[in-house]
Amino acid sequence: MRIDIISVLPELLESPLGHSIIKRAQTKGLVVINLHHLRDYSNDKHRTVDDYAFGPDAGMVLKVEPIFKAMSKLKEECEYDEVIYTSPDGEPLTQKLCNHLSTKKNILILCGHYKGVDHRVREHLVTREISIGDYVLSGGELAAAVIVDSIVRLVPGVLSDETSALTDSFQDDLLAPPVYTRPAEFNGWKVPEILLSGNFGEIAKWQEEQAYQRTKLLRPDLLKDE
Ligand code: SAH
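Only a predicted model underlies this, so the values are computations on that prediction, with no experimental measurement involved.

## Regarding the domain arrangement of the protein chain
So, point 1. Assigned domains of the protein chain: these are domain 1 (2–152) and domain 2 (167–223).
So, point 2. Distance from the C-alpha centre of domain 1 to the C-alpha centre of domain 2: 37 Å.

## Considerations on a negative patch on the surface
So, point 1. Among the surface-exposed residues, Asp 172, Asp 173, Glu 208 and Glu 209 lie close enough to one another that they form a single negatively charged patch.
So, point 2. Looking at the element boundaries, Asp 173 is found in the loop between helix H6 (141–152) and strand S8 (185–186).
So, point 3. By relative accessible area, which is 43% here, Asp 173 ends up partly exposed.

## Looking at the sheet that holds strand S2 (residues 32–37)
So, point 1. The strand order across the open sheet formed by five strands is S2-S1-S6-S5-S7, and the pairing between neighbours is parallel. Edge positions in the sheet fall to S2 and strand S7 (128–131), since each has one partner strand and no second. Strand-to-strand, the axes of this sheet are offset by a mean angle of 30°, without reference to chain direction.
So, point 2. Bridge count for strand S5 (residues 82–92) against strand S6 (residues 106–110) is four bridges, and the pairing is parallel. Paired with Tyr 85 across the two strands is Leu 110, which belongs to S6.

## Re a nonpolar patch on the surface
So, point 1. Taken together, the side chains of Tyr 135, Leu 137 and Leu 142 define a hydrophobic patch exposed on the protein surface, amounting to about 270 Å² of accessible area.
So, point 2. By the secondary structure assignment, Tyr 135 is in the loop between S7 and H6.
So, point 3. Judged by relative accessible area, Tyr 135 falls into the partly exposed class, the value being 43%.

## Details of the nonpolar core
So, point 1. Counting 28 residues, the largest nonpolar core has Ile 3, Ile 5 and Ile 109 as its most contacted members.
So, point 2. Looking at this core, the elements with two or more residues in it are strand S1 (2–7), helix H2 (20–27), helix H4 (95–101), S6 and H6.
So, point 3. Among the elements that make up this core, the one with the highest residue count is H6 (six residues).
So, point 4. With sequence-adjacent residues up to four places away left out, Ile 5 is seen in contact with Leu 13, Leu 17, Ile 33, Asn 34, Leu 35, His 36, Ile 109, Cys 111, Ala 144 and Val 148.
So, point 5. Judged by nonpolar contacts, the second largest core, of 20 residues, contains Ile 67, Ala 70, Met 71 and Val 83.

## Some points on the pattern of salt bridges
So, point 1. Counted under the stated rule, the structure contains 13 salt bridges.
So, point 2. A salt bridge links Arg 2 to Glu 77; its shortest N-O distance comes to 2.7 Å. Taken together, the residues Arg 2 in strand S1 and Glu 77 in helix H3 (residues 64–77) connect sequence positions 75 residues apart.
So, point 3. Put simply, Arg 122 and Glu 129 hold a salt bridge, and the shortest N to O gap is 2.7 Å.
So, point 4. Residue Glu 129 is classed as partly exposed on the basis of its relative accessible area of 21%.
So, point 5. One connected set of salt bridges, linked through shared partners, spans Arg 2, Asp 4, Lys 73 and Glu 77.

## Some details on the pairing of S6
So, point 1. Counting buried positions along S6 gives five out of five residues, so the element sits mostly inside the fold.
So, point 2. In S6, alternate side chains face the same way, and those of Asn 106, Leu 108 and Leu 110 on one face and Ile 107 and Ile 109 on the other are all buried.
So, point 3. Looking at chain direction, S1 and S6 are connected through five bridges and run parallel. If you follow Ile 5 over to S6, its bridge partner there is Ile 109.

Definitions and cut-offs
- Per chain, residues are indexed from 1 in the order of the written sequence.
- Predicted model: local features are reported for residues with pLDDT of at least 70 only, side-chain atom pairs are reported and counted for 80 or more only, and whole-chain, interface and lining totals are derived from all residues.
- The side-chain numbers reported here are obtained from all heavy atoms of the structure, hydrogens and water having been left aside.
- For the domains described, the bounds stem from an automatic or database domain assignment.
- Patch criteria: residues need more than 30% relative accessible area and no salt bridge. Like-charged residues are merged within 9 Å; nonpolar side chains of Val, Leu, Ile, Met, Phe, Trp and Tyr are merged within 5 Å.
- The accessible surface values rely on the Shrake-Rupley method and a 1.4 Å probe; as for residues, cover is taken only from the protein chains in view.
- A side-chain nitrogen of Lys or Arg and a carboxyl oxygen of Asp or Glu constitute a salt bridge if their distance falls within 4 Å.
- A residue counts as positive if it is Lys or Arg and as negative if it is Asp or Glu; His and the chain ends are not included.
- Every charge is mapped onto a representative atom, which is NZ of Lys, CZ of Arg, CG of Asp or CD of Glu.
- Segments assigned H or I by DSSP are reported as helices when at least four residues long, segments assigned E as strands when at least two residues long, and all are numbered from the N terminus.
- For the exposure calls, accessible area comes from a 1.4 Å probe over protein chains only, and a residue counts as buried if that area is under 20% of its type's maximum, exposed if over 50%, partly exposed in between.
- Pairs of strands are assigned from DSSP output, requiring at least two bridges between the strands.
- Each axis is a line fitted through C-alpha atoms, taken for helices only over the stretch in contact, and angles between the N-to-C directions span 0 to 180 degrees.
- Residues enter a nonpolar core if they are buried and are Ala, Val, Leu, Ile, Met, Phe, Trp, Tyr or Cys, with the set joined through side-chain atoms within 4.5 Å.
- Note on definitions: a residue-residue contact is assigned when non-hydrogen atoms from the two residues lie within 4.5 Å.

Laid out in structure tokens, this is it:
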């Protein structure tokens, strides 16, 4: 999988994408992530990429030309399955969408900033707009980091125990069951007896029941299709 990210602040993405599982995915050659500075595609010597919004409202808007130029250049290198714009009014990022995106070969992500991007970018250059939640961030970089993290860990081979993503929350519309580790007792607080029994069949039944009960209690909306 190849992921290209266009941003006015690519530095913000270096740390979230440079450690742990996402770093290993890149080291193993399973994913290539390229950060691109939008200012490198500016047409003027001041590397300007934004301008005042038309109309009475205050605020700067990312211009269409540098974005078009950056995307055109990248599209010469590969064909993108998705060109994503991060936006609070986009489609909500869900595990289902992450599963879908994790099967793609080439993804391009555009991070907005200031008041957003010139709307013509959204009308003509992107295939999908994704929101990471009903709140407004200062820029799309953190949203892009969330999108990349949540899809890269689903790429086959990235997680060392490949089945572990399948037992995570939301994979089957259920929250994950609780997990515990040694010691079996701390401060008088005990790990549920069943987990120490060695009976994997009974443990699996207990986990299923816990997942169902926690979902019913914490996120009953996930069970609405039952
Ligand atoms: N004026 C816009 C918000 C701009 S915030 C509005 O009211 O809808 C600046 C940039 O941050 C956006 O262009 C977008 O790329 C990013 N961003 C902000 N909140 C986001 C969210 N919840 N999900 C994804 N991207 C977001």
